[in-house]
Amino acid sequence: MSVIARGKKSFSCGPKRLRFLHSQSDSDETLTADTLSIYSSESIKDLDGRFFEYFSTAHQHGSDAGRASFDSVDGETIAKEAKRRPTLTEDLLKKLNLMENEAIKELSKKQKETLYSELLYTVEHKIGAESQSNNEEANWLYAYAKKAFKISDEQHTRLLEVTNKAKPPVVILNVVVEEARNLEAKDANGFSDPYCMLGIIPGSRLIELSLTNQDAASDPSSKEFSKSKSKSMLRKFSGSLRDKIRMGPREKPQHIIPAKFIRSTKFIPHNLNPVWNERFRFDLEDVMTDKIHIDVWDHDDEESVFDAAKTLNHAKSFKGLGRVFKQIAQSARASSGDNVDDFLGCIDVPLHDLPSTGNSQWYDLCGRSARSKVQGQIKVSLNLATREDHGFPIDDNFNDMQQHEDLLYIFIAHEREEYEGEPEDWLGILSKEADVILHQHSVQGDITPAQEAFCYWITFSAKYRECNFDASCLLNIVKSLEEKWCNGCLSGEEEARLGKSFEKFLGYFLDVIEELRGMYPSGNTKSRQQLKALLECAHFLSSSKVYNHCCSPREDMSIEIAHRLKMGNKAYFNHSLPFLFQQEETPVKEKIRELTNFTNLLSLDLRQGLRSYEPLFQAHLRMPYFDHTYRVLEKKLSSEVRKFLDRELSSLLLSSEVLTRQEIRRCSNQSIGRQPPPMPATHARHLLIASVLNLYFAVQEFSDFREELLVEDNHSLAISRYQEWFSRTVQEWLTLAKSRMEARIEMAVQQDKFVNIEDSFECSTSAMDVVNCYTQIAQFWKRLRWQDEEELFAFSLKLADDLCQSAILYTDFLHAKMKKNSYFDNEGQFDVQKPLCTSLNDLEYIKRILVSMPEKLDLPKVVAAIERKHAMGGVEDQPNHFQSVFESLIDSAQMAMDSKIEYIAKKVSDMMRPEIKKNVFHLCWSPDKIPVLDAIEPLIDYLDSNLLTLYTYLLRRNFKIILAAIWQECLEEIQEVIEENPELEACFCLRMLQALEILIDFFNSGDKGLLVSEIESKLYLGLKAYLTIQRFTTPEIICQFFTEMVERQKIAVETEEVKLGVIGFTVYYERAIHQLHVKVCHCKHIIALDSNGLSDPYIVWDLCPRHLFTDCDESRTSIKKKTLNPVYNEKFSCQLAQEDFYKEGACMRFTLMDYNFVVKNDFGGEAYFPLSQVPGGPGHEDTHNHKKVIELVFMKPHAPSENRHLLALKNRVSDPIAQEFVNNREDLAEQAKSKIEAFDAMTASH
């Protein structure tokens, strides 16, 4: 058990009170100015009308407007904004109505019935595999149509009967031969010249054919059936195309096949993967039985099948079409001597399962028979359409297009009426019934995808302009139109209509931009989503190919949008400007309030626009909404505020004595001077300044939005100079603040009371009042964020000076009060009073707050800004001139307060000095038979009892100041005893070390008192080191000395210049014979010890400490003449027991000497190597590296004054062994010093 652990009575109460101190110190360190201000006196605040609190509140109303609430634009306003629905202004409604008058016209009753009849006709004659006769589906579609058209059952029945009597339409097949791949090479060059021939094989003809495989015939989709049909068709269709070719051009065959029933593509030379993309159109007899047949040929001669097919001009009937394929086959089977086209393959595609949406796919090419070998595939697109049977084909579908638009108009109107939510939230999605009807109508009317997209855009965009809904559907429509459109896919009239529709939509879009806040409120989430779709749609449309084709070039869209934003923002500003503010008879304070609320409203609008509109404009229009908006609003707001301040406030503030602008600039270049005494301010002026500062913070909040501008050009913005408009108001505030602050401090000290802070320590209300005052000023000033460097420096200088003077004033008031109440003037007897501790705490907290004020006021930034400006202006100032001005203010105030605290602390320590001296004397000279714990107990008891009050009531820092003084007092008394008795016995030193441990435990108490770093002062470390060494015997100190030298050798390369040279050697221990072997190899770069710039070096090797190795004599190498890099390679050995390796300080020493023939040899340096590191020795079994050369740096010996061990030995005057050892080391140190100095001088001379 340690000595400290055995201390019972001495530490039974002391650490407990230190633990109490620790608990109070936690709150001490964490208490902030805001916490202390809570305890400030309400009556003191009321004495000056809550001057500082009012301005802090004014700041909060201004700067936190956008984050929490404005004076009038509060959270409720924001909530209302979020719920507000889009609204159309009267002007915008007029514009939109003018546009829509020519866009949408109501259908007459007759036109509506005609359109409804067309719808019934479309439903009755649906086409496509999925549209076979289905009464339930028809009734389902009829029910929807009746609702949409608002048709009664009687009207529906009548019109349906008329429709059923109408002649069925002719079904049309649209074929696109797209491409082929992997065709067979028929030509010698490894390619073919492919082309296609195609036509319809009527189902009525196929029925007449005799099919051998009835089972296969029952499955039209089987390959066997397809091959059988193809072979039969080619075999049964009689007639010879080759005969036609052999006839003369004027001869006519019996069965002529019309060219209109057969189509052929162009031939693609030298290609096995041809691309045709050619379109063909065929009338069908029966879509359920007809099929399309396509042959692929290789074009070879001048009069080929391709050319023969082109000459066929007439046919008697549809049935004659089959003969042409037989003629083609016969032509292909001509004699080998004729040049004919080569057959590459064919396909037959049934049409009964073709869907109404059409089909596009790859088909495998087939041969004419089972023996035919063909390869490759062909891609064909097929889709159905209809036309009315007029006896002749009609290509124009103008009426179908118009009917399609009318149907869309009616369906859109019906869907919006049926939509359960808000009409403007409708997503533009039609019901399934409408989609089916429109799809069938477009298919039967042979309306192309581009024409269908055209109809959708025309109708939906017109409806959107008439009655607003979600624009996402428009975006999808215009993307579909862009995808499906190609040059020539629309007629000239359709393109003209489309261009006109585009222009109307973009015109509407620009009108919306001008009325953006009313149409799409920024606080409404749905509105933002709808605006996003509209912006994306407008941007996509204006950059699309179809728009650029159909519309004439126009001005850059971004320029038009920017212009409309500007107009809309001007209108918004003028409309929102308060009415009372514009009236001449409105009182000034009321005008300020209205202008402040209006400015806050603009800030709210900017913030919401930045959050809602800006991302949308950037993402979809690549233009900054916020920049255009802010520049308009800041210009108009700056004009109104500047005009108002110049007109209304200049005369009201002229009566105050404030610094002129010239005086402010002159003040920034001068040292601190006393400011003119402040003029008393009336309560009315107080309120006026508060109102103006409210306006200032509102304008500041608005001005801060400049940081969000993409292009920073603050100099061009009028709002960037807003602080110039309020400079006079700030000067007035400074004058008022100083007088109010001094008056408040005086009243606070007079009405002082003691309060308990969080049950941990006491403080007076006056300190809380001062802290609260400083806190309010710091919050107000820091967030004032004044920009002009010279004005800010002058303002800050005056404010800092006022704060420092107020702190000194408070210290003087408080010190006078303490002196008056006799807190520390007791004579003779020491008696710490609780009010004394409280007053010390007050001063400490005010000082702490004052020291933190530069950071709270951002004074470092102020100094950096003014110094930077003066440096750029070419004014030559001292580097830290401006900073030193503030530092001198704080330092002088802090010194004044510290002097008061130190004065009181000194009084306390002085009162305790006599008793400490007595108890230390008792400790030092108590008989050895008295335990240290008993000897030190009177001192501990005295300290414990007298520090109790200080423990309890002082702040941690104040208590530690007194505690550190008492600790220093104890150390000084112990040192005084030691100095009076230099040759102390080891027993005395051990008792003193134990006493120091006990005192450290008491003063530290687990870091609850003084920290270890505070305890380990220079005086303590010196005492401890001295006592620690002195308790050992002389041989033990010598061993410790060599241990220290070995440690020093390890870091010699890093810490010393290698000016004495390096020695290289090898060493190992031969354990079997207990022999140590050393080989001195060489030295390098040793110091020149002779006048010729060289040396005559030799090495002395021995084991240290010498008193441990008396049986091992020192050894010397040979002398190497005139060299600085001698090579020896000489070996030495000595007997050494293994236990010698474990002795403290055991090492080898290499001493460099210079041989002189006449005078004494010169010392050149020494190096140490520990025996514990010798290869082969205990703990180093590996001896393989014993031949490795070890290099050490020669070191310079320390003088006794530089080494604690030598110093301890030197003080042992009566010990001859100690004196001899010290004298030898001192002699070596002197030699080394003189030789190094001589070497440096010689080197310098050369």
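The residue count restarts for each chain, going from 1 along the sequence in the order it is written. In view of the model being predicted, local features appear only for residues whose pLDDT reaches at least 70, and side-chain atom pairs are presented and counted only at 80 or more, with totals across whole chains, interfaces and linings using the full set of residues. To get the side-chain values, all heavy atoms of the structure are used, and hydrogens and water are removed first.

Undergrad: Account for the overall build of the protein chain, with residues named and values stated.
TA: Under the scheme used here, helices are H or I runs from DSSP no shorter than 4 residues and strands are E runs no shorter than 2 residues, and both carry numbers assigned from the N terminus. A tally of regular secondary structure across the protein chain gives 45 helices and 18 strands. A separation of at least 24 residues holds for 80% of the contacts in the protein chain among residues at least 6 apart in sequence. Any two residues whose heavy atoms approach within 4.5 Å at even a single point are treated as in contact.

Undergrad: Go over the pairing of strand S4 (residues 275–283), please, and point to the residues and values.
TA: Consecutive side chains of a regular strand alternate in pointing toward one face of the sheet and then the other. Relative accessible area decides the class of each residue, using a 1.4 Å probe on protein chains only: under 20% of the type maximum gives buried, over 50% gives exposed, and in between gives partly exposed. Here S4 shows a clear split, with Trp 276, Glu 278, Phe 280 and Phe 282 buried on one side and none of Val 275, Asn 277, Arg 279, Arg 281 and Asp 283 buried on the other. Judged from the seven bridges that link them, strand S1 (residues 170–181) and S4 form a sheet pairing that is antiparallel. Bridging from a neighbouring strand, Val 175 pairs with Phe 280 of S4. In this analysis, strands are considered paired if DSSP registers two or more bridges between them.

Undergrad: Can you break down the layout of surface pockets residue by residue, with the values?
TA: Of the voids in this model, the second largest pocket is the one considered here, and its volume is about 1,000 Å³. A pocket, in this scheme, is an open set of points on a 1 Å grid over the protein atoms alone with protein on both sides within 12 Å along at least 5 of 7 lines, while a cavity is a set where a 1.4 Å probe fits but cannot get out; residues line either one if an atom lies within 4 Å of a point. Along its surface, the second largest pocket is lined by 30 residues, and Gln 723, Arg 785, Trp 786, Gln 787 and Asp 788 are the ones closest to its centre. If you list the elements that add at least two residues to the lining of the second largest pocket, you get helix H29 (722–725), helix H31 (765–782), helix H32 (789–820) and helix H34 (859–872). Element by element, the count of residues in the lining of the second largest pocket is highest for H34, at five residues. Grid points are joined across faces, edges and corners, and a volume is the space filled by probe spheres set on the points.

Undergrad: Which residues make up the sheet that holds strand S12 (residues 1075–1084), and what values do they have?
TA: Across the sheet, which stays open at both edges, the four strands sit in the order S15-S12-S11-S18 with antiparallel pairing between neighbours. Every interior strand has two partners, whereas the edge strands, strand S15 (1127–1135) and strand S18 (1190–1193), have only one. Within this sheet the neighbouring strands show an average axis-to-axis angle of 30°, counted without direction. Strand direction decides the pairing type here: strand S11 (residues 1062–1070) and S12, joined by nine bridges, are antiparallel. Axis definition: a line fitted to C-alpha atoms, over the contacting stretch in the case of helices. Angles run 0 to 180 degrees between N-to-C directions.

Undergrad: Describe in detail the nonpolar core, supporting the description with residues and values.
TA: We define the nonpolar core as a collection of buried residues of types Ala, Val, Leu, Ile, Met, Phe, Trp, Tyr and Cys that are connected through side-chain atoms lying within 4.5 Å of one another. Judged by nonpolar contacts, the single largest core of 137 residues is most densely connected at Phe 726, Trp 781, Leu 943 and Phe 1003. For this core, the leading source of residues is helix H35 (residues 881–924), giving 16 residues. Beyond its immediate stretch of four places on either side in the chain, Leu 943 contacts Met 912, Ile 916, Ile 966, Cys 970, Phe 1002 and Phe 1003. Membership of the second largest hydrophobic core comes to 83 residues, among which are Tyr 144, Leu 159, Ile 561 and Phe 617.

Undergrad: Requested: an account of the packing of helix H42 (residues 1034–1050) against helix H45 (residues 1216–1245), with residues and values cited.
TA: Between H42 and H45, whose axes approach to 9 Å, the crossing angle comes to 25°. It follows that H42 is roughly parallel to H45 by the angle criterion. Classified by chirality, the crossing of H45 by H42 is left-handed. When H42 is examined against H45, the residues Thr 1034, Ile 1038, Phe 1041, Phe 1042 and Met 1045 are found in contact with a partner set consisting of Ile 1217, Ala 1218, Phe 1221 and Arg 1225. Its residues assigned to classes, the contact of H42 with H45 comprises seven nonpolar, one polar and one charged. Any angle from 65 to 115 degrees is called roughly perpendicular, while one under 35 is roughly parallel, one over 145 is roughly antiparallel, and all others are oblique. Two helices cross in a left-handed way if the nearer one is turned anticlockwise from the farther one by less than a right angle. They cross in a right-handed way if the turn is clockwise. Residues are grouped as follows: Ala, Val, Leu, Ile, Met, Phe, Trp, Tyr, Cys and Pro are nonpolar; Asp, Glu, Lys and Arg are charged; all remaining types, including Gly, are polar.

Undergrad: Summarise the confidence of the model for the protein chain; cite the residues concerned and give the values.
TA: The quantity called pLDDT is the predictor's confidence in a given residue, expressed from 0 to 100. Across the protein chain, the average pLDDT comes to 78, with 76% of residues at 70 or higher. Helix H13 (residues 241–246) is the least confidently modelled element of the protein chain, averaging 36 in pLDDT, while strand S13 (residues 1097–1104) averages 95, the highest of any element. Note on residues 96–103: pLDDT under 50 across the span, and 16 contacts to partners over four residues away in sequence or across chains. Confidence over residues 311–323 falls short of pLDDT 50; this stretch has 40 contacts with residues more than four positions distant or in other chains.

Undergrad: So, the side chain of Gln 530: which residues are in play, and what are the values?
TA: Relative to the helices and strands, Gln 530 resides in helix H22 (residues 525–542). Look at Gln 530 and you get buried, because its relative accessible area is 5%. Those residues within four positions of Gln 530 in sequence are excluded, and the remaining contacts are Glu 424, Asp 425, Asp 470, Ala 471 and Tyr 520.

Undergrad: Lay out the sheet that holds strand S7 (residues 359–364) with the relevant residues and their values.
TA: Taken in spatial order, the four strands line up as S4-S1-S8-S7 in an open sheet, and their pairing is antiparallel. The open sheet has two edge strands with one neighbour each: S4 and S7. When strand polarity is set aside, the average angle formed by the axes of neighbouring strands in this sheet is 25°. Bridge analysis of S1 against strand S8 (residues 377–387) gives 11 bridges, and the strand direction is antiparallel. Directly across from Val 176, in S8, lies its bridge partner Ser 381.

Undergrad: Break down the packing of helix H24 (residues 557–576) against helix H25 (residues 588–621) for me, with residues and values.
TA: At their nearest, the axes of H24 and H25 sit 13 Å apart, and the two run at 160° to each other. Taken together, the axes of H24 and H25 lie roughly antiparallel to each other. Classified by chirality, the crossing of H25 by H24 is right-handed. Contacts from Ile 561, Leu 565, Tyr 572, Phe 573 and Ser 576 of H24 reach H25 at Phe 598, Leu 601, Leu 602, Asp 605, Phe 617 and Leu 621. Class assignment for the residues of the contact of H24 with H25 results in nine nonpolar, one polar and one charged.

Undergrad: Talk me through the environment of Glu 495; I want residue IDs and the actual numbers.
TA: Note that Glu 495 resides in helix H20 (residues 492–514). When sequence neighbours within four positions are dropped, the list of residues in contact with Glu 495 reads Trp 485, Asn 487, Gly 488, Leu 490, His 549 and Cys 550.

Undergrad: So what's going on with unusual backbone geometry? Which residues, and what values?
TA: The peptide bond linking Cys 1104 to Pro 1105 adopts the cis configuration, its omega dihedral lying at -5°. If you check the backbone angles, Asn 182 has positive phi at about 60° while not being a glycine. Relative to the helices and strands, Asn 182 is located in the loop between S1 and strand S2 (194–201). We note that Asp 1007 has phi near 65°; this positive angle belongs to a residue other than glycine. Tracing the chain through its elements places Asp 1007 in the loop between helix H39 (986–1004) and helix H40 (1012–1015). Owing to a relative accessible area of 40%, Asp 1007 belongs among the partly exposed residues under this scheme.

Undergrad: Would you mind going over empty space enclosed by the protein in detail, with residue names and values included?
TA: Summed over the entire model, instances satisfying the criterion amount to six cavities of 30 Å³ or more. Taken as a whole, the second largest cavity spans an internal volume of roughly 50 Å³. If you go around the second largest cavity, the residues you meet are Ile 513, Glu 514, Leu 516, Arg 517, Leu 565, Gly 568, Asn 569, Tyr 613 and Tyr 625. Among the secondary structure elements, those contributing two or more residues to the lining of the second largest cavity are H20, helix H21 (516–519) and H24. For the lining of the second largest cavity, the element with the highest residue contribution is H24, accounting for three residues. Partitioned by chemical class, the residues of the lining of the second largest cavity number five nonpolar, two polar and two charged.

Undergrad: Can you break down the pattern of salt bridges residue by residue, with the values?
TA: A side chain of one charge can pair with a side chain of the opposite charge when the charged atoms of the two come close. We count a salt bridge whenever a side-chain nitrogen from Lys or Arg sits within 4 Å of a carboxyl oxygen from Asp or Glu. Applying the stated rule across the entire model yields 39 salt bridges. Note that Glu 184 and Lys 186 form a salt bridge whose closest N and O atoms lie 3.5 Å from each other. For Lys 186, a relative accessible area of 30% gives the class partly exposed. Of the charged contacts, one joins Glu 466 and Lys 463 as a salt bridge, the two residues approaching to 3.4 Å between their closest N and O atoms.

Undergrad: So, the packing of aromatic side chains: which residues are in play, and what are the values?
TA: Each Phe, Tyr or Trp ring, with Trp reduced to its six-membered ring, pairs with another whose centre is within 6.5 Å; inter-plane angles below 30 degrees give stacked pairs, above 60 give edge-to-face pairs, and intermediate values give tilted ones. Applying the stated criterion to the full structure yields 42 aromatic pairs. Both rings, one in Tyr 1069 and one in Phe 1141, keep their centres 4.7 Å apart while their planes meet at 70°; by these two values the pair is edge-to-face. Here the residue Tyr 1069 occupies a position in strand S11, and Phe 1141 occupies one in the loop between S15 and strand S16 (1147–1154), the gap between them amounting to 72 residues. Each of the two residues, Tyr 1069 as well as Phe 1141, counts as buried. Put simply, the rings of Trp 426, Tyr 456, Trp 457, Phe 460, Tyr 464, Phe 469, Phe 502, Phe 505, Tyr 508 and Tyr 547 touch in pairs and so form one group of aromatic residues. The ring of Phe 1109 has Lys 1143 sitting right over it, with the charged end atom 5.6 Å from the ring centre. Placement of a positive charge over a ring is assigned whenever Lys NZ or Arg CZ falls within 6 Å of the ring centre and within 35 degrees of the normal to the ring plane.

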